[in-house]
Amino acid sequence: MENKKKVAFYTLGCKLNFSETSTIARDFQNEGFERVDFEEIADIYVINTCSVTDNADKQFKQIVKKAMKLNEKAFVAAVGCYAQLKPEELAAVDGVDLVLGATEKFKITDYINDLSKNDRGEVHSCEIEEADFYVGSYSIGDRTRAFLKVQDGCDYKCTYCTIPLARGISRSDALENVLKNASEISQQGIKEIVLTGVNIGDYGKGEFGNKKHEHTFLDLVKALDEVNGIERLRISSIEPNLLKNETIEFVAKSRTFVPHFHIPLQSGSDTILKKMKRRYLRDVYTDRVSKIREVMPHACIGVDVIVGFPGETDEHFLETYHFLNELDISYLHVFTYSERDNTEAAIMDGVVPANVRSKRSKMLRGLSVKKRRAFYESQIGTNRTVLFESENKEGYIHGFTENYVKVKTPWNPGLVNTLHDIQLTKIDEDGSVRIEFINVEA
């Protein structure tokens, strides 16, 4: 009997990429391939790329080298955003055999007939205008949590962003298909689903190839709340201008949606927000946070922010710092601005020196630690439900409460993928942003 060919995957970037990698992996398995870990020897290595930061570009070459060390005869394929934006650049990387663009990545098994190494990577990419159809995806690699893709692409024109160039126009999965995928996930014994996409608040646009909305994001949330078998639903990043009061109010009384929001801000300066061509000013952001706090005082609120955008003076940065310092939020994801080809921002005046970008990033990361600590302290003494994950980290098992407080207790394999009602008692003595509790029954 012929041995199965082995395939391994590496994902760079966002939750959306993870959901798509998982779907591509299932396609390989359906074709008779055996999936193995990326650390193992495989016949094919598939790398799902990202283009959001300069660092993700550099990581790609390192990952290809790693694959070649494991098996110098392995076939290496690159897919994803970077593969769409700069296919020839990826094809020239030593060891790369195949590069697939935005429309081709979901047909990868059609392109892999011969696993012989190529002198130079073969490119199959499209004009991004051709990426106007929708392919549903979800990840089920982690037993405790699945990423469910509900939307793809973006019609916004933020001046720093390459995502519309890499993923095309905003389009959505049919509501019926989202509900079917959610049901399939719940049948796998997975306790939590995270909704993901490029701009999920825009859900409904392009649902059946139409520009108009057949359904809204609120329709999606209400319908998912009715799906049997799902313990938890979590909304990933959603634009402040698309997070409506009605959605916040529904989540507050929902059966399954948890009190956790991640809302991109990018800058606390209206001047910089206008240069970024964001679709809101900071007053809208303040209103969103206030509304969440009004109906869910215990909610966790995460914030994306970019430092060092062209034209960001010390005064603009301090506006952002003080705005966030005074805002009742829970943590920050800080991004140091990096120039991306074919974006408006890349040719703007007022370039911020790298050392200044780094300093500002460090200041906001310090603020994030302070904010998370304050949020965790506000939760001490409260009763929450924790979902334990599967990894043994230095003798502890970790999990997250519904409002995204990270907890730990001594390792017990019986706790993996189980929900427990607990009381948050104390923050770890080492000063890390974790809660440790005791007396949890397996």
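Shown above is the structure to which this text applies.
Criteria and thresholds
- Residues numbered from 1 in each chain as written.
- Predicted model: local features only at pLDDT ≥ 70, side-chain atom pairs only at ≥ 80, totals over all residues.
- Heavy atoms only, no water.
- Axes fitted to C-alpha atoms, helices over the stretch in contact; angles between N-to-C directions.
- Helix = DSSP H or I, 4+ residues; strand = E, 2+ residues; numbered from the N terminus.
- Parallel < 35°, antiparallel > 145°, perpendicular 65-115°, else oblique.
- Contact = heavy atoms within 4.5 Å.
- Nonpolar A, V, L, I, M, F, W, Y, C, P; charged D, E, K, R; others polar.
- Disulfide = S-S within 2.5 Å.
- Buried < 20%, exposed > 50% of the residue type's maximum accessible area, 1.4 Å probe, protein only.
- Pairing = 2+ DSSP bridges.
- Left-handed = near helix turned anticlockwise from the far one by under 90°.
- Phe/Tyr/Trp six-rings, centres within 6.5 Å; stacked < 30°, edge-to-face > 60°.
- Polar contact = N/O pair within 3.5 Å; in protein donor to acceptor, adjacent residues only side chain to side chain.
- Expected span 1.5 Å × (residues − 1).
- Salt bridge = Lys/Arg side-chain N within 4 Å of Asp/Glu carboxyl O.

A. The arrangement of the packing of helix α12 (residues 314-326) against helix α13 (residues 354-379) in detail. Look at α12 against α13: their axes get within 11 Å of each other, and the N-to-C directions meet at 5 degrees. Of the possible angle classes, the one that applies to α12 and α13 is roughly parallel. Residues Asp-314, Phe-317, Tyr-321, Leu-324, Asn-325 and Glu-326 of α12 form the contact with α13, whose participating residues are Arg-360, Met-363, Leu-364, Leu-367, Lys-370 and Lys-371. Considering only residue class, the contact of α12 with α13 consists of six nonpolar, one polar and five charged.

B. The arrangement of the state of the cysteines in detail. Here the structure, examined in full by the defined rule, presents zero disulfides. Counting only cysteine sulfurs, Cys-50 is the nearest neighbor of Cys-81, a cysteine outside any disulfide, at a range of 6.4 Å. Judged by its relative accessible area of 5%, Cys-81 falls in the buried class. The cysteine Cys-154 is free of any disulfide, with Cys-158 supplying the nearest cysteine sulfur at 6.4 Å.

C. The arrangement of the sheet that holds strand β13 (residues 300-307) in detail. Taken in spatial order, the three strands line up as β12-β13-β14 in an open sheet, and their pairing is parallel. Looking at which strands have only one partner, the edges of the open sheet turn out to be β12 (260-266) and β14 (331-336). If you compare each strand with its neighbour and ignore which way they point, the axes differ by 20 degrees on average. Looking at chain direction, β13 and β14 are connected through six bridges and run parallel. For Val-307, the partnering residue across the bridge sits in β14 and is Thr-336.

D. Spatial organisation of the packing of helix α9 (residues 245-253) against helix α11 (residues 282-295). Taken N-terminus to C-terminus, the directions of α9 and α11 make an angle of 25 degrees; their axes are 10 Å apart at the nearest point. By the criterion of interaxial angle, the relationship of α9 to α11 is roughly parallel. In the crossing of α9 with α11, the sense of the turn from one axis to the other is right-handed. In this structure, α9 uses Asn-245, Ile-248, Glu-249 and Ala-252 to contact α11, whose residues at the interface are Arg-288, Lys-291, Ile-292 and Val-295.

E. The pairing of strand β3 (residues 44-49), seen in detail. Counting buried positions along β3 yields six of six residues, so the element is predominantly enclosed. Residues Ile-44, Val-46 and Asn-48 line one face of β3 and the alternating positions Tyr-45, Ile-47 and Thr-49 line the opposite face, and both faces are buried. Both strand β1 (residues 6-11) and β3 contribute to a ladder of five bridges, which runs parallel. Looking at the pairing, Thr-11 lines up with Asn-48 of β3.

F. Focus on the packing of aromatic side chains. Per the counting criterion, the structure on display carries twelve aromatic pairs. A ring pair is formed by Tyr-10 and Phe-38, whose centres lie 5.2 Å apart and whose planes are at 75 degrees; its orientation type is edge-to-face. Of the two residues, Tyr-10 sits in strand β1 while Phe-38 sits in the loop between β2 (34-36) and β3, which places them 28 residues apart along the sequence. Using a relative accessible area of 5% as the deciding quantity, one classes Phe-38 as buried. Centroid distance Phe-375 to Tyr-376: 6.2 Å. Interplanar angle 55 degrees. Geometry classified as tilted.

G. Expanded view of the environment of Tyr-203. Along the polypeptide, Tyr-203 turns up in the loop between β10 (192-196) and α8 (217-224). According to the relative accessible area criterion, Tyr-203 is buried, its value standing at 0%. Sequence separation of Tyr-203 and Thr-216 is 13 residues, and the distance between their C-alpha atoms is 5.9 Å. Ignoring sequence-local partners within four residues, the contact set of Tyr-203 consists of Val-150, Ser-172, Asp-173, Ala-174, Leu-175, Val-178, His-213, His-215, Thr-216, Phe-217 and Leu-220. Among the polar contacts made by the side chain of Tyr-203, one reaches the main-chain carbonyl oxygen of Asp-173 at a distance of 2.7 Å.

H. How the structure looks around α13. In this model, α13 (26 residues) spans 38 Å end to end at C-alpha, consistent with the 38 Å of a helix rising 1.5 Å per residue. In the stretch just after α13, Gly-381 is the one whose phi turns positive, near 90 degrees.

I. Up close: the sheet that holds strand β6 (residues 122-124). The strand order across the open sheet built from six strands is β2-β1-β3-β4-β5-β6, with neighbouring strands paired in parallel fashion. Edge positions in the open sheet fall to β2 and β6, since each of these has one partner strand only. For this sheet, the mean angle separating the axes of adjacent strands, direction not counted, is 20 degrees. Pairing analysis gives three bridges linking β1 to β2, with the strands arranged parallel. Residue pairing for β2: Ala-8 is matched across the bridge by Val-36. Its contacts with the sheet place helix α1 (residues 15-30) against β1, β2 and β3, and it is angled at close to 175 degrees to β1.

J. Examining the pattern of salt bridges more closely. One pass over the full model with this rule turns up 26 salt bridges. Glu-294 is the salt-bridge partner of Lys-291, the closest N and O atoms lying 3.6 Å from each other. A residue pair is termed a helical-turn pair when its members lie 3 or 4 positions apart in one helix, as Lys-291 and Glu-294 do in helix α11 at three residues. Ionic pairing is found between Asp-328 and Arg-293, a salt bridge with its closest N-O pair at 3.1 Å. You can see Asp-328 sitting in the loop between α12 and β14 and its partner Arg-293 sitting in helix α11, a full 35 residues away along the chain. The class for Arg-293 is buried, based on a relative accessible area of 14%. What emerges from the salt-bridge pattern is a single network uniting Glu-20, Lys-105, Lys-149, Asp-152, Arg-167 and Arg-171.

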